[in-house]
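Notes for the structure review
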Amino acid sequence: MALGDGFKDIVAVLAYAAGIIDGEGYIGIKCSEREHVQRSRSHRVYIAVSNTDELMIDFLHKHFGGSVEYKEFTNGAKPQYRWRTSAKNAVDFLKYILPYLITKRRQAEVAIMMQESVNDVNKAKGLSEETLAFRDACMQEIHNLNQRRC
């Protein structure tokens, strides 16, 4: 991550990034399974921001890495830009902005906890049922937190 390139006030960069995530961002956990391999589910944290403002997306990409996608629509709508980051880079980003998050603070905390369980695995023995249950619980909690409330 190239935090603060061209910025003298790192606090402003982190607070602005947190505001983007609180307002426009998505924090989630994805799970994928390998067929025919016991206890081989793989969980990873991911963050995404989609917006029609290219400057906002470029800001995130410049300061925090990740990838950017561009999507045009045939119905005349403005083009959409999407910034994404995942796994360790995503969690490092969340740790930087955590003090400034408000609405997505709990999602960030759960994502950080889950990723720390990824780093503590003995890959030769596979994952314990307890570790898998913990990661699944983290994924479910974030899913519940991300549900729109009426």
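Please read these numbers as outputs of a predicted model, since none were measured by experiment.

1. Digging into helix H5 (residues 129–146)
- The terminal C-alpha atoms of H5 lie 26 Å apart, and with 18 residues this matches the ideal 26 Å at 1.5 Å per residue to within 8%.
- For H5, the full list of buried residues reads Leu132, Arg135, Cys138, Ile142 and Asn146. Mapping the buried residues of H5 onto a view down its axis gives an arc of 125°, with all of them on the same face. Residues Glu129 and Glu130 are exposed on H5 and point more than 90 degrees away from its buried face.

2. Describing the pattern of salt bridges
- Across all of its chains, the model carries six salt bridges by this definition.
- Of the charged contacts, one joins Glu109 and Arg105 as a salt bridge, the two residues approaching to 3.7 Å between their closest N and O atoms. Taken as a pair, Glu109 and Arg105 lie in helix H4 (residues 105–119) at a separation of four residues, close to a single helical turn.
- By relative accessible area, which is 27% here, Glu109 ends up partly exposed.
- One salt bridge in this structure joins Arg106 and Glu141, with 2.8 Å as the shortest N-O distance.

3. Overview of the nonpolar core
- Membership of the largest hydrophobic core comes to 32 residues, with the highest contact counts inside it found for Ile21, Leu60, Phe64, Trp83, Phe93, Leu94 and Ile97.
- When contributions to this core are tallied by element, the ones reaching two or more residues are helix H1 (10–24), strand S1 (25–32), strand S2 (42–51), helix H2 (54–64), strand S4 (80–86), helix H3 (87–97), H4 and H5.
- The dominant element in this core, judged by the number of residues it contributes, is H1, at six residues.
- Apart from residues no more than four positions distant in its own chain, Leu94 is found in contact with Ile27, Val45, Ile47, Ala108, Ala111 and Ile112.

4. A few points about the packing of H1 against H3
- Contact geometry for H1 and H3: axes closest at 9 Å, N-to-C directions at 110°. Taken together, the axis directions place H1 and H3 in an arrangement best described as roughly perpendicular. Between H1 and H3 the crossing geometry is left-handed. Between H1 and H3, the residues in contact are Leu14, Ala17, Ala18 and Ile21 and Phe93, Tyr96 and Ile97, respectively.
- Taken together, the residues that form the contact of H1 with H3 break down as seven nonpolar, no polar and no charged.

5. As for the sheet that holds S4
- Spatial ordering of the open sheet is given by S1-S2-S4-S3, a layout of four strands whose pairing is antiparallel. Where the open sheet ends on each side, the last strands, each with one partner, are S1 and strand S3 (67–71). Taking each pair of neighbouring strands and ignoring which way they run, the sheet shows an average axis angle of 25°.
- Docked against the sheet, H2 engages S2, S3 and S4, running at close to 20° with respect to S4.

Definitions and cut-offs
Residues numbered from 1 in each chain as written. Predicted model: local features only at pLDDT ≥ 70, side-chain atom pairs only at ≥ 80, totals over all residues. Heavy atoms only, no water. Helix = DSSP H or I, 4+ residues; strand = E, 2+ residues; numbered from the N terminus. Expected span 1.5 Å × (residues − 1). Buried < 20%, exposed > 50% of the residue type's maximum accessible area, 1.4 Å probe, protein only. Arc of directions from axis to C-beta. Salt bridge = Lys/Arg side-chain N within 4 Å of Asp/Glu carboxyl O. Core = buried A, V, L, I, M, F, W, Y, C linked by side-chain atoms within 4.5 Å. Contact = heavy atoms within 4.5 Å. Axes fitted to C-alpha atoms, helices over the stretch in contact; angles between N-to-C directions. Parallel < 35°, antiparallel > 145°, perpendicular 65-115°, else oblique. Left-handed = near helix turned anticlockwise from the far one by under 90°. Nonpolar A, V, L, I, M, F, W, Y, C, P; charged D, E, K, R; others polar. Pairing = 2+ DSSP bridges.

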